[in-house]
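Here's the letter readout for the chains.
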Amino acid sequence: MPKYPRMVILATALLMLPVASQAQSEGGLTERRAMAAYSKDVWPSLEKQIQDAAGFPVAVSLDANSLAIKGYADSYALDDYLRKPIIDPIIKAFSAISSDAMGKDALQANLKSVIISYDEATAPVSNYEDGITFADGTLRVNWKPYTNVDDIDARVAALTKVLENNL
């Protein structure tokens, strides 16, 4: 009989893990307001830079809800929050791929959209390729904001590899 209560406790704890991990990354009203301000004031110029690097107006979606991490609202507008760890690597990878006509044509023919999000349960700590998928023309980037901000080259390499293998 002593095993049964432990199993119930363990099963309950395991069932609660996805809820707990999701709750940690979702922000409250303060975070939503800060991300709305970021989306309005900062994001449009960064989105344009991504599109310019791609060489065409690719649809770019910023999943503001998943990127609004609780407790970091004051940091959203800092370059270290989204720009350096996520946006700049995308710009650099697109620029590298579209540096010649063959790459630009391949990118335009195959890339339909880009989705930038953060899922705490699946975002890699440092193996950045694990946070990138490319399927049905959609590039999904799942990296934690405000983390390893100087790892730009590793992120560019991961993005470039995934894209070049799928273009």
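Residues numbered from 1 in each chain as written. Predicted model: local features only at pLDDT ≥ 70, side-chain atom pairs only at ≥ 80, totals over all residues. Heavy atoms only, no water.

(A) Focus on the environment of Y38. Within the secondary structure, Y38 is located in helix α2 (residues 29-41). Take Y38: its relative accessible area is 4%, and that puts it in the buried class. Through-space distance from the C-alpha of Y38 to that of Y76 is 6.8 Å; in sequence the pair is 38 residues apart. Beyond its immediate chain neighbours, meaning those up to four positions away, Y38 contacts W43, L46, L62, Y76, A77 and L82. (Helix = DSSP H or I, 4+ residues; strand = E, 2+ residues; numbered from the N terminus. Buried < 20%, exposed > 50% of the residue type's maximum accessible area, 1.4 Å probe, protein only. Contact = heavy atoms within 4.5 Å.)

(B) Here's a closer look at the pattern of salt bridges. Scanning the model with the defined rule gives five salt bridges in all. The salt bridge involving D88 is made with R83; its shortest N-O contact spans 3.1 Å. Under the relative-accessibility criterion, D88 is labelled buried at 14%. Several salt bridges share partner residues, and in doing so they unite D80, K84 and D150 into one network. (Salt bridge = Lys/Arg side-chain N within 4 Å of Asp/Glu carboxyl O.)

(C) Spatial organisation of the pairing of strand β1 (residues 59-62). With burial as the criterion, only one face of β1 is covered, namely that bearing V60 and L62; the residues A59 and S61 on the opposite face remain uncovered. Pairing analysis gives four bridges linking β1 to strand β2 (residues 113-117), with the strands arranged parallel. Bridging across to β2, L62 finds its partner in I116. (Pairing = 2+ DSSP bridges.)

(D) Seen up close, α2. Between its terminal C-alpha atoms α2 stretches 18 Å, which fits the 18 Å expected from 13 residues at 1.5 Å a residue. The set of residues buried in α2 consists of E31, A34, M35 and Y38. The buried side chains of α2 occupy one side of the element, clustering within an arc of 95° when seen end-on. Across α2 from its buried face, at more than 90 degrees, point the exposed residues R33, K40 and D41. (Expected span 1.5 Å × (residues − 1). Arc of directions from axis to C-beta.)

(E) Region of the structure containing the packing of aromatic side chains. In the structure shown here, the tally under the stated rule is five aromatic pairs. Consider the rings of Y72 and Y81, whose centres lie 6.3 Å apart with planes at 40°: the pair is tilted. Judged by its relative accessible area of 33%, Y72 is partly exposed. What makes Y81 buried here is its relative accessible area of 0%. Their ring planes at 45° and their centres at 5.6 Å tell us that Y81 and Y146 sit as a pair that is tilted. Taken as a pair, Y81 in helix α5 (residues 79-97) and Y146 in the loop between β4 (138-142) and α7 (152-166) lie far apart in primary sequence, 65 residues in all. Counting every residue linked through ring pairs, the aromatic cluster contains Y72, Y76, Y81 and Y146. One cation-aromatic arrangement involves R155 over W143; the distance from NZ or CZ to the ring centre is 5.5 Å. (Phe/Tyr/Trp six-rings, centres within 6.5 Å; stacked < 30°, edge-to-face > 60°. Lys NZ or Arg CZ within 6 Å of the ring centre and 35° of its normal.)

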